[in-house]
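Below are the chains, spelled out letter by letter.
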Amino acid sequence: MKTVLLQGKRVTDRIFEPAQLKRLEDMGAELVIFREEDNASPEEAAGMMRGAEVVITSWGCPKLQGAVLEAAPDLKAVLHAAGSVKHVVTGEVWERGIRVTSGAAVLSRGVAETALGLTIMTMKNFIGTAAAVKESGWWNQRKDPIRDSIREMYGSTIGVIGGGHAGKHFLHLLKGFQLTALLTDPTYTREMAAEAGAELAGLEELLQRSDIVMVLAPEIPATYRMLNGGNLTLMKEGATLINLARGSLIDEDALVRELQSGRIQAILDVTVQEPPGAAHPFMTLPNVMLTGHIAGAVNNGLLAIGRFIVDEWGRLAAGQKMEGEIDPSKLDTLA
């Protein structure tokens, strides 16, 4: 099958190892690879797409619409070597009955693993403890007030907002600990939540009960500023809010007010504006840690996406269902 890679060499080299591209060819792919550093423009994409049966896209690729699609009337599938397909796949793709898959599940595994690492780090207060060690050379385990801030995973309550790929895998990782996991997600039933290892709860109840609130929901209209001045005040004293989703899910002004009160702390991998700017309170408040949008795949982690997409090509060629295949009827609930 003629298979076109629309992402430029810079992105292709970060996602696909040479051995994976060779695998594609060995399985029967006739590869057409865009060799420029930057991604193909719509005009360049249309020129490359003539006779294509499969197209591989990634971050920054042009939308698949108009002349780009018209150049490939035999297009069978879009394999998106990234997360959300919404910036590339248009209604015209679905109208033509073209199958679409994405590496979102692979990306989400990295997010879930980051979520677990940050959860343990937060419970143990590694940042405060490390600062105390640097300040005094060590810390007195009997008398130092830092001792009272240290918690174990045992007996804690972790609230997960969003049960998609990342949320579900995070809950799976939490099964190894003796704790209570809460989940809020309108697409889940109580039975589904229990199977995932969590107790289904409304957002307000989750905020009231959780020691750590982990935000992993998709960025869709229904989640815009879902955490705001009306509910952030419900968080427990000493609780931590961790956002690994998107900045738009939180009313940042309301969060700043809560942080300034000193009641809670926050770890933000994402913000509305990235970076938030030197004058933003997030940059100076002592109870905020910014991690610079690294929760998903970075560096070597990106290669896992390439491997997955090559595997998906093999499943497509064999007439099998692709593991990351997207059901267009569920687009409204996907990031």
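Relevant structure appears above.
Predicted, not measured: the structure shown is a model, and the values here were computed from it.

A. Structural context of the sheet that holds strand E5 (residues 99-102). Spatial strand order, E2-E1-E3-E4-E5: five strands in an open sheet with parallel pairing. Edge strands, defined here as strands with exactly one partner in the open sheet, are strand E2 (30-33) and E5. The sheet shows a mean angle of 20 degrees between the axes of neighbouring strands, taken without regard to direction. Note: strand E4 (residues 77-80) against E5, four bridges, orientation parallel.

B. How the structure looks around the sheet that holds strand E10 (residues 240-243). Taken together, seven strands build an open sheet; the order of strands is E8-E7-E6-E9-E10-E11-E12 and the sheet is parallel. In this open sheet, the two edge strands, each paired with only one partner strand, are strand E8 (199-200) and strand E12 (288-290). Pairing of strand E6 (residues 157-161) with strand E7 (residues 180-184), which is carried by five bridges, proceeds in the parallel orientation. Bridge pairing in E7 places Val-160 opposite Leu-183. Each of E6, E7 and strand E9 (212-215) touches helix H8 (residues 165-174); the most contacted strand, E6, lies at about 165 degrees to it.

C. Here's a closer look at H8. If you check which residues of H8 are buried, you get Ala-166, Gly-167, His-169, Phe-170, Leu-171 and Leu-174. Along its buried surface, H8 packs onto helix H6 (104-124), E6, E7, helix H9 (190-196) and E9.

D. Summary view of the packing of H6 against helix H7 (residues 126-136). Running from N to C, H6 and H7 cross one another at 50 degrees; their axes reach a closest spacing of 6 Å. The angle between the axes of H6 and H7 places the two elements in the oblique class. Across the interface between the two elements, Ile-120, Met-121 and Lys-124 of H6 pack against Phe-126, Ile-127 and Thr-129 of H7. Class assignment of the residues belonging to the contact of H6 with H7 gives a composition of four nonpolar, one polar and one charged.

E. Just the side chain of His-280, in detail. With respect to the secondary-structure elements, His-280 resides in the loop between strand E11 (265-268) and E12. With a relative accessible area of 18%, His-280 lands in the buried category. Setting aside its immediate chain neighbours within four residues, His-280 contacts Glu-252 and Val-256.

F. Focus on the side chain of Glu-252. Structurally, Glu-252 can be placed in helix H11 (residues 252-261). No salt bridge is formed by the buried Glu-252; its nearest oppositely charged neighbour, Arg-225, is found at 7.4 Å. Within the structure, Glu-252 has its side chain in polar contact with the backbone nitrogen of Val-272 (distance 2.8 Å). Other than its neighbours up to four places away in sequence, Glu-252 contacts Gly-247, Thr-271, Val-272, His-280 and Phe-282.

G. Region of interest: the pattern of salt bridges. Under the definition given, this model contains 12 salt bridges. For Glu-152, the salt bridge is made with Lys-124, and the minimal N-O distance between the two is 2.7 Å. Here the residue Glu-152 occupies a position in the loop between H7 and E6, and Lys-124 occupies one in helix H6, the gap between them amounting to 28 residues. On the accessibility criterion, Lys-124 (29% relative accessible area) is partly exposed. It is possible to trace a salt-bridge network through shared partners that takes in Glu-199, Glu-205 and Arg-209.

Rules of the game
- Residues numbered from 1 in each chain as written.
- Predicted model: local features only at pLDDT ≥ 70, side-chain atom pairs only at ≥ 80, totals over all residues.
- Heavy atoms only, no water.
- Pairing = 2+ DSSP bridges.
- Helix = DSSP H or I, 4+ residues; strand = E, 2+ residues; numbered from the N terminus.
- Axes fitted to C-alpha atoms, helices over the stretch in contact; angles between N-to-C directions.
- Contact = heavy atoms within 4.5 Å.
- Buried < 20%, exposed > 50% of the residue type's maximum accessible area, 1.4 Å probe, protein only.
- Parallel < 35°, antiparallel > 145°, perpendicular 65-115°, else oblique.
- Nonpolar A, V, L, I, M, F, W, Y, C, P; charged D, E, K, R; others polar.
- Lys, Arg positive; Asp, Glu negative; His and termini not counted.
- Salt bridge = Lys/Arg side-chain N within 4 Å of Asp/Glu carboxyl O.
- Polar contact = N/O pair within 3.5 Å; in protein donor to acceptor, adjacent residues only side chain to side chain.

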